[in-house]
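Structural characterization, general
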Amino acid sequence: WKQRVDAARKRFQTSGTQRSTNDGGPVAPTIRDVARAAGVSQATVSRALSMPELVRPGTRARVEAAARELGYRPNRAARGLITGRTGNLGLIVPDLSNPFFAAVVKGVQAAARAADYSVFIADTDEEAGAEADLLRALAKQVDGLILCSPRAPDDELAAVDSDSTVVLMNRRAGERPSVTVDNADGMRQALEHLAALGHRRVAFVAGPRTSWSNGQRERGLRQTADAGGVDLVHLGHFPPQFEGGVAAADLAVASGATAVIAYNDLVAFGLLSRLSARGIPVPHALSVVGCDDIGMSAMCHPALTTVSIPKRAAGRATVGLLLSMLDAGADAGPMHRELPTQLIVRDTTGVAPSSPTNDPTKGSTR
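The following refers to the structure shown. (Residues numbered from 1 in each chain as written. Predicted model: local features only at pLDDT ≥ 70, side-chain atom pairs only at ≥ 80, totals over all residues. Heavy atoms only, no water.)

Residues Leu89, Leu91, Val205, Val260, Ile261, Leu271 and Val288 are the most contacted members of the largest nonpolar core, which totals 71 residues. In this structure Leu89 touches Ala112, Tyr117, Ser118, Val119, Phe120, Val142, Gly144, Val319, Leu322, Leu323 and Leu326, once residues within four positions along its chain are discounted. (Core = buried A, V, L, I, M, F, W, Y, C linked by side-chain atoms within 4.5 Å. Buried < 20%, exposed > 50% of the residue type's maximum accessible area, 1.4 Å probe, protein only. Contact = heavy atoms within 4.5 Å.)

Right under this line is the structure:
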C-alpha cells in the first residue's frame, strides 16, 4: 500500500496543474485519491475516517496513513451527515473585554483547532439571565458547550444543560462535568505572603455575589486568616472591573488595613489608580495583591503581585474533557479536573508599615 500511496501522490502532483479551483488554485486531494492509495473503496475511506470503530484496525490504519500522506481533510459538512455532528463547539463567557476570558478563549480555540473543531463564542456581559438564552440558542448549532464562570444559580443551570453536552469551567455545580482552578489555595498563598511581611489587618475587595470563584476565594482567605491570626476585613462586593477597584480604594484606606487583596487584577488596577491619585504610596503605605495574572500585571508600575491562574491551560483542559465526553460518553473518565494556582510576587507588596494608611503622615486623604 505504501507504493500505492507514493503513486497516488505522484498522480495528484502531476495532475495538480489540470485540477484547479475557480480562482486558479490547486484542488485538495479527494476521497477518491485516498481510496486509490489505500486500495479500498471510497465508502471504506468514509467509514474509516468518520466511524473508525466499524472498520478493521489494519484497514483503518492504511486509510489514515494514506490520508495523512496525501494531506486529505474530510469535508466537514459531508462528515456531519454521517456522524450527526456539526464540528462546532460553543463557549459562553461573562465578559470578553476582561483579559482573563480572552486568554481562556485562546486556550479553548487552540485545543479545538487541534481537534478540527470550530468555536462559537458568546458574551453574556455579566448578565446571569442571558446564559440560559445563549445556551439554548447555541445548543442546536454545536456538538457541545463550555460555560465559563457562569453566574446562574445551580437550579437554573440544571434546567438548561440537558439539551446538550455541557462542561463548566471555573465553576462547580453538583456532579456536572467541570474544570476549575484552586482559588482557595491561591488566596492562602497570598495571605500567608502578606502575613510573613508583618500584615495583621488585610482587606478583601470581593467580586460579584454570583461568582463561584469569588466564594472560593473568600473561603480560602477566611480559613487562612483564622489559622494565622490575621484580621480579615470584607469590604463588600464590587464590579470585577477597573471602576470597581476605584470605588473600593477609599474604603480600603478607611478600614485601617495595611494590605488589600482584590478579586481580580482589573480591580487591583483600579485600586492602584485611586491610591496614586490620593498620594498613598504602594507598597510603603498599603500593599496590593491581585488575582489572575493577566498580561498587564507585569507591565503596570509598580508591577502587580498577583495569584496566577492557568487560563489557557484551563481552556485546553475544558475542551479535552468535553471532547472525551462526546467520544466516550459515560466512559470518559473523571468528570472534574482542578488546576493549581501560584502566587507571583512583584512590587506592590512590602513590609507592613508601622501605622495604618489613614495616618496623614503616610499620604494625603483628600
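Here the focus is the sheet that holds strand S7 (residues 231-237). If you trace the six strands from one edge of the open sheet to the other, you get S7-S6-S8-S9-S10-S12, paired in mixed fashion. The open sheet has two edge strands with one neighbour each: S7 and strand S12 (342-344). Ignoring strand direction, the axes of neighbouring strands in this sheet form an average angle of 20°. When strand S10 (residues 305-308) meets S12, the two strands line up antiparallel, connected through three bridges. Across the sheet, Val307 pairs through a bridge with Leu343, a residue of S12. (Pairing = 2+ DSSP bridges. Helix = DSSP H or I, 4+ residues; strand = E, 2+ residues; numbered from the N terminus. Axes fitted to C-alpha atoms, helices over the stretch in contact; angles between N-to-C directions.)

Moving on to the side chain of Ser287. Among the secondary structure elements, Ser287 is positioned in strand S9 (residues 287-292). Beyond its immediate chain neighbours, meaning those up to four positions away, Ser287 contacts Leu194, His199, Thr258, Ala259, Val260, Thr348, Thr349 and Gly350.

Together, Lys106, Arg113, Arg312 and Arg316 line one region of the surface with positive charge. When residues of the positive patch are traced back to their parent elements, those giving at least two are helix H6 (99-114) and helix H13 (311-328). Considering the arrangement of structural elements, one finds Arg312 in helix H13. (Patch = residues over 30% accessible without salt bridge, like charges linked within 9 Å, V, L, I, M, F, W, Y side chains within 5 Å. Areas by Shrake-Rupley, 256 points an atom, 1.4 Å probe, with all protein chains shown as cover. Salt bridge = Lys/Arg side-chain N within 4 Å of Asp/Glu carboxyl O. Lys, Arg positive; Asp, Glu negative; His and termini not counted. Charge placed at Lys NZ, Arg CZ, Asp CG, Glu CD.)

Before going further, it helps to spend a moment on the sheet that holds strand S2 (residues 118-123). Whenever strands of a sheet pair, they do so through backbone hydrogen bonds, lying parallel or antiparallel. Strand order in the open sheet formed by six strands is S2-S1-S3-S4-S5-S11, and the pairing between neighbours is parallel. The open sheet has two edge strands, S2 and strand S11 (336-339), and neither has a second partner. Neighbour-to-neighbour, the strand axes of the sheet open up by a mean angle of 15°, direction not taken into account. Alignment of strand S1 (residues 88-93) against S2, held across six bridges, turns out to be parallel. Its bridge partner lying in S2, Ile92 is registered against Ala122.

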